[in-house]
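Coordinates in review
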There are 2 protein chains.
Amino acid sequence: MAEEMVTFDEFKRMKLVVGTVTSVEPHPNADKLYVMKVNLGGEERQLVAGIKPNYEPQELDGKQVVVVANLQPARLRGIESNGMLLAAQFDDDVVVISPERPVPPGAKVL
Amino acid sequence: MAEEMVTFDEFKRMKLVVGTVTSVEPHPNADKLYVMKVNLGGEERQLVAGIKPNYEPQELDGKQVVVVANLQPARLRGIESNGMLLAAQFDDDVVVISPERPVPPGAKVL
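Residues numbered from 1 in each chain as written. Chains lettered and ligands numbered in written order. Predicted model: local features only at pLDDT ≥ 70, side-chain atom pairs only at ≥ 80, totals over all residues. Heavy atoms only, no water.

Some details on the relation of the copies chain A and chain B
Rules: Least squares is the method for superposing the copies, and the C-alpha atoms it fits come from residues with pLDDT of at least 70 in both. By definition, residues are in contact when any of their heavy atoms lie within 4.5 Å.
Screw-axis analysis of chain A against chain B gives a translation of 0.0 Å along the axis, an RMSD of 0.0 Å, and a rotation angle of 180°. Viewed as a symmetry operation, the transformation between the two copies matches a two-fold axis. Closest to the rotation axis within chain A is the C-alpha of S98(A), separated from it by 2.8 Å. The fraction of interface residues of chain A whose copies in chain B are also interface residues reaches 100%, indicating that both copies meet through the same surface.

Considerations on the packing of aromatic side chains
All names here are of chain A. We count it as follows: Each Phe, Tyr or Trp ring, with Trp reduced to its six-membered ring, pairs with another whose centre is within 6.5 Å; inter-plane angles below 30 degrees give stacked pairs, above 60 give edge-to-face pairs, and intermediate values give tilted ones. Where helices and strands are cited, they refer to DSSP runs of H or I of at least four residues and of E of at least two residues respectively, numbered from the N terminus.
Under the criterion given, the structure shown has two aromatic pairs over all chains. Ring geometry for F8 versus F11: centroids 6.2 Å apart, planes at 25°, classification stacked. A residue pair is termed a helical-turn pair when its members lie 3 or 4 positions apart in one helix, as F8 and F11 do in helix α1 (residues 8-13) at three residues.

Describing the nonpolar core
Here is the rule: We call a set of buried Ala, Val, Leu, Ile, Met, Phe, Trp, Tyr and Cys residues a nonpolar core when their side-chain atoms join them within 4.5 Å. Per-residue accessibility, obtained with a 1.4 Å probe over protein chains only, is compared with the maximum for each type, and a residue is labelled buried under 20%, exposed over 50%, and partly exposed between these values.
Counting 72 residues, the largest nonpolar core has M36(A), I51(A), L86(A), M36(B), I51(B) and L86(B) as the members making the most contacts within it. Dropping the residues within four chain positions of it, L86(A) is found in contact with L16(A), V66(A), V68(A), V96(A), I97(A), F11(B), L16(B), V109(B) and L110(B).

Regarding the pairing of strand β3 (residues 44-49) of chain B
All names here are of chain B. Worth spelling out the cut-off: Strands are treated as partners if at least two bridges between them are detected by DSSP.
Sheet analysis places strand β2 (residues 34-39) next to β3, joined by six bridges and oriented antiparallel. The residue of β3 that forms the bridge with V35 is V48. The antiparallel pairing of β2 with β3 creates a hairpin that spans four residues between the two strands, and G41 there sits at a positive phi of about 95°.

Looking at the interface of chain A and chain B
Threshold: Buried surface area refers to the total accessible area, computed with a probe of radius 1.4 Å, that the two partners give up upon joining, counted for both partners together. We define a salt bridge as a contact between a side-chain nitrogen of Lys or Arg and a carboxyl oxygen of Asp or Glu at a distance within 4 Å. Two N or O atoms count as a polar contact when they lie within 3.5 Å, although within protein this holds only if one can serve as hydrogen donor and the other as acceptor, and sequence-adjacent residues are included solely when both atoms are side-chain atoms. In the scheme used here, Gly and all other residues not listed as nonpolar or charged are polar, with Ala, Val, Leu, Ile, Met, Phe, Trp, Tyr, Cys and Pro taken as nonpolar and Asp, Glu, Lys and Arg as charged.
Each partner contributes residues to the interface: chain A has 46 residues there, and chain B has 46 residues. Across the interface of chain A and chain B, roughly 4100 Å² is buried in total on both sides, 62% from carbon and sulfur atoms. On the chain A side of the contact with chain B, V6(A), R13(A) and E100(A) bury the most area, a combined 16% of that side's loss. If you look at where chain A meets chain B, you find eight salt bridges. The salt bridge involving E100(B) is made with K63(A); its shortest N-O contact spans 2.4 Å. The interface formed by chain A and chain B contains 26 residue pairs in polar contact (both at pLDDT 80 or more). When contributions to the side of chain A that touches chain B are tallied by element, the ones reaching two or more residues are α1, β1 (16-26), β4 (64-68), β7 (84-85), β8 (87-90), β9 (93-99) and β10 (108-109) of chain A. For the side of chain A that touches chain B, the leading source of residues is β9(A), giving seven residues. Residue composition of the side of chain A that touches chain B, grouped by class: 30 nonpolar, five polar and eleven charged.

Fair warning: the whole summary comes from geometry, so function is off the table for now.
Laid out in structure tokens, this is it:
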């Protein structure tokens, strides 16, 4: 196996948590991006996600997603993103990752 | 926010991939562990997961899961585990994380 290994301690530095999508708006300056709000339990997070070609807003609203909650903030085309939503990617398709049944928002993923 | 941030480059060191569960057996030496085989596309992986109190084998067989594929191998009660299955955890419950519809095994998650 040529790929580089990571330790469990490195993995644990990532804070992966379940969030419930509460708002999905088109990014004002980018065709493929949404500006989303996600309830992470104690807080609501804004993040920018490049899944507009693959999902309608109403497919995402209310859905539970998995977020990298401690990713360094980034500005994407002028809008701040505080976290990253996880999705499976293959060919040109993107499929959101979810708990297989509803869990409390903010639940840790590990 | 007091928690430690991670960079996108750090996040990308984790190889998160979708796998399809092909086999679930009780661990011979541990009450709470399963020894599972997961098809990651080009290869079948053996991993040990502590979800026996929460899932029957037939609930897992055939399910798609998300695996940290480049985690350093570990021996858990004498059985080698090559990767970690992601699950949401809260109270005493554990809920597996899946793509919201089937994807090709081995699809990257990011």
